[in-house]
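# Overview (structure and organization)
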Amino acid sequence: MNGKNKMKQGHHLLTALALALSMAAVNPAGAADQSQEDVAGHRLSLHGFGTLGLARSDDDDAQFVRDLSQPSGLTSRWSTKVDSMIGLQAGYRFNDKLEGVLQVVSRYHSEGNFSPEVSWAFLRYDPDPTASVRIGRLGTEFYMLADSRLVGYANLTVRPPPDYFGPLVLSYIDGIDGAKSVPVGNGLLRGKLFTGVSPEKMSLSDGLYWNMSGSLVVGGHLDYLTGPWQIRIGQTRVRFDKDLPINEYTGLDITGQVPEMSVVGKWTRYDSLGVVYDNSPFQLQLMLSRIDQGSAAFEDSRAGYAIASYRTGNVTPFLGYSRTKSDANHFNSTPPLEQATAAFLSASTHSDQHTWFLGARWDLRKDLDLKAQVDWVRGSPGSVFPFRAETPSWDGHMTVFSLALDYVF
Amino acid sequence: MSITTTLLLTLCLILLPRARAEADLVVVVNARNGIERLTLDSVINIFMGRYRQLPSGIPAQPVDQPDGRPEKARFYRLLVNKDLAEINAYWARLIFSGRTSPPYQAKSTAEILDRLARQPGAIAYIERNQADPRVRIVLELEH
């Protein structure tokens, strides 16, 4: 089956889900008998989340983005672009075991605008309270907390640390996942497996896109929760279906002459370890990851971050540190021009930097918080992958000032 | 009035409202569902949506006190040492990543007791003196 057919199939599934949900919305209680309705509580649920963000950097030599799905980022002028978003979610509970969920999010993304995207659209079946299967469009969970990284209100910092989450450009897949929980000792062991096909594209420089649709995603993770601890190991693999537009960009036959620059059919692997220690009012998050690229078009990288926070009343100050570093690829053989171009393109995915960030979350009232944060990015001048529109005078150093108002309803 | 009496009266005035507000919170289930005791860990798992199966195998259906009730804030303080803003943020993550739903929120204590009596899997928290013969206390929460 080719990518187009998979896409079409994905659209049919989404249409069916949207239809089911809208029918449910028109006729909330349906023909269900009244006692059933009472037992199940409210069948139709409507929720939303949003962030009004305001941020700027002190540097016009590179643009700071939240993640690499954003085609442009912050300059030294205040902007609401990178962090502002709104999401709406409808859920319909058919019975105790079956639920449908549709979520639409508007944020600044690869199209260079805020056009809404269907970020979740699935049917969830829980055969019993310890297991669940979901089918449809699912948010990706390459790393711990990654599937809720757009929900500012659920998170402590203004945005998930870009050194760590920035390279995650796949936000959702059309596929299936399954999860199971088992008590082990005094704790709980949770496992999850997922697979699907990406319908997304990534924006590159100069208005070029990388069509990632048809990429196969397979992954899973194991969580152990005991007392204040939650520990997770996970792995996700992605097999890209289409090459980067590097031949079009350069006018050279790069993928032909330097085959290691082709990403098609090669697996990229994301390994991660996450630890959360949550002993209120103190909380610590620690995450480590390694990205092992299947091709030389991208550099292999390692990243990590730690955030410590201490809640005092309605205010939670936090301090964090994140780090990312990638390894240069070396090219030998092949014609010199193509080789030099491949080396140049590969180096444009280089990162070598760390960031200190300090800030506070203030819970203003139920369902509303205000955050302020400063990020000090310190890297080498060659650390360009996490940014957009670097100039030759980029020195790897930048300070970012951010404010965010997050809400849920 | 002697100084001692005045002191005692003052003490009573300070302690009485406190004793009223800090009445014991107990976790209760349907009296006929066969469960005698639950551990703190299993109550945490049920109310935080991590593992909602009772030892008897039937699905647990947690019920929250209405918003704004002091019992609700005290319960989560005693259970996981979190205030309601943190609990809210916790549920925002789970709701918007399409996982578990938060406990059903009752409109009154009468509704809580009614659910406990009608649903075999219902589990809730109330003040000890609100417990009636239809429910069984399975965990006492210490201050």
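Residues numbered from 1 in each chain as written. Chains lettered and ligands numbered in written order. Predicted model: local features only at pLDDT ≥ 70, side-chain atom pairs only at ≥ 80, totals over all residues. Heavy atoms only, no water.

We now examine the pattern of salt bridges. A complete count under the given rule lists 39 salt bridges over all chains for this structure. In this structure, A:Arg190 and A:Asp223 form a salt bridge, with 3.9 Å as the shortest nitrogen-oxygen distance. With A:Arg190 in strand β8 (residues 187–197) and A:Asp223 in strand β11 (residues 216–226), this residue pair connects regions lying 33 residues apart in the sequence. Overall, the relative accessible area of 21% leaves A:Arg190 in the partly exposed class. Via salt bridges that share partners, A:Asp278, A:Arg311, A:Arg361, A:Asp363, A:Asp369, B:Lys82, B:Asp83 and B:Glu86 belong to a single interconnected network. (Salt bridge = Lys/Arg side-chain N within 4 Å of Asp/Glu carboxyl O. Helix = DSSP H or I, 4+ residues; strand = E, 2+ residues; numbered from the N terminus. Buried < 20%, exposed > 50% of the residue type's maximum accessible area, 1.4 Å probe, protein only.)

Take the confidence of the model for chain A next. Note: predicted coordinates in regions of low pLDDT should not be interpreted at a detailed level. All names here are of chain A. Here chain A shows a mean pLDDT of 90. Residues at 70 or above account for 89%. With pLDDT under 50 throughout, residues 1–17 is counted as low confidence; its partners more than four residues away or in other chains account for 15 contacts. Low pLDDT, under 50, characterises residues 19–40; the predicted model gives this stretch 21 contacts beyond four residues in sequence or across chains. (pLDDT = per-residue confidence, 0-100. Contact = heavy atoms within 4.5 Å.)

For the rest of this paragraph, the subject is the interface of chain A and chain B. Facing 41 residues of chain A, the contacting portion of chain B comprises 30 residues. Carbon and sulfur atoms make up 47% of the surface buried where chain A meets chain B, a total of about 2,900 Å² over both sides. For the pair chain A and chain B, the number of links is 5 salt bridges. In this assembly, chain A and chain B are joined by 20 residue pairs in polar contact (both at pLDDT 80 or more). Sorting elements by how many residues they give to the side of chain A that touches chain B places strand β5 (residues 117–128) of chain A first, with 4 residues. (Buried area = accessible area lost by both parts, 1.4 Å probe. Polar contact = N/O pair within 3.5 Å; in protein donor to acceptor, adjacent residues only side chain to side chain.)

Before going further, it helps to examine the packing of helix α2 (residues 40–47) of chain B against helix α3 (residues 70–80) of chain B. All names here are of chain B. Taken N-terminus to C-terminus, the directions of α2 and α3 make an angle of 125 degrees; their axes are 10 Å apart at the nearest point. The orientation of α2 with respect to α3, classified from their angle, is oblique. The two elements α2 and α3 meet at a crossing, and its hand is left-handed. Between α2, through Leu 40, Val 43, Ile 44 and Phe 47, and α3, the contact on the second element is made entirely by Phe 75, Tyr 76, Leu 79 and Val 80. Here the contact of α2 with α3 is built from residues that sort into 8 nonpolar, no polar and no charged. (Axes fitted to C-alpha atoms, helices over the stretch in contact; angles between N-to-C directions. Parallel < 35°, antiparallel > 145°, perpendicular 65-115°, else oblique. Left-handed = near helix turned anticlockwise from the far one by under 90°. Nonpolar A, V, L, I, M, F, W, Y, C, P; charged D, E, K, R; others polar.)

A separate point is the layout of surface pockets. All names here are of chain A. What the second largest pocket holds in volume is close to 730 Å³. The wall of the second largest pocket is formed by 28 residues, among which Ser 205, Tyr 249, Leu 345, Ser 348 and Glu 390 lie closest to the centre. Secondary-structure elements contributing two or more residues to the lining of the second largest pocket are α4 (246–250), α6 (336–347) and β19 (387–388). A total of 4 residues in the lining of the second largest pocket trace back to one element, the largest contributor, which is α6. Here the residues of the lining of the second largest pocket are counted per class, giving 20 nonpolar, 5 polar and 3 charged. (1 Å grid on protein atoms, 1.4 Å probe; cavity = no way out; pocket = protein on both sides within 12 Å on 5 of 7 lines; lining within 4 Å. Points joined across faces, edges and corners; volume = space filled by probe spheres on them.)

Time to look at the nonpolar core. Nonpolar side chains in soluble globular proteins tend to end up buried together. Counting 47 residues, the largest nonpolar core has A:Phe142, A:Tyr143, A:Trp210 and A:Met261 as the members making the most contacts within it. Looking at this core, the elements that each hand over two or more residues are β5, α3 (162–165), β13 (267–279), β14 (282–292), β15 (300–310) and α6 of chain A. Among the elements that take part in this core, β15(A) stands out by supplying 3 residues, more than any other. The contact partners of A:Phe142, leaving out residues within four places of it in the chain, are A:Leu168, A:Leu170, A:Val217, A:Thr236, A:Val238, A:Tyr270 and A:Ser272. Counting residues in each nonpolar core, the second largest holds 36 residues, with A:Phe49, A:Val151, B:Val80 and B:Ile95 among its members. (Core = buried A, V, L, I, M, F, W, Y, C linked by side-chain atoms within 4.5 Å.)

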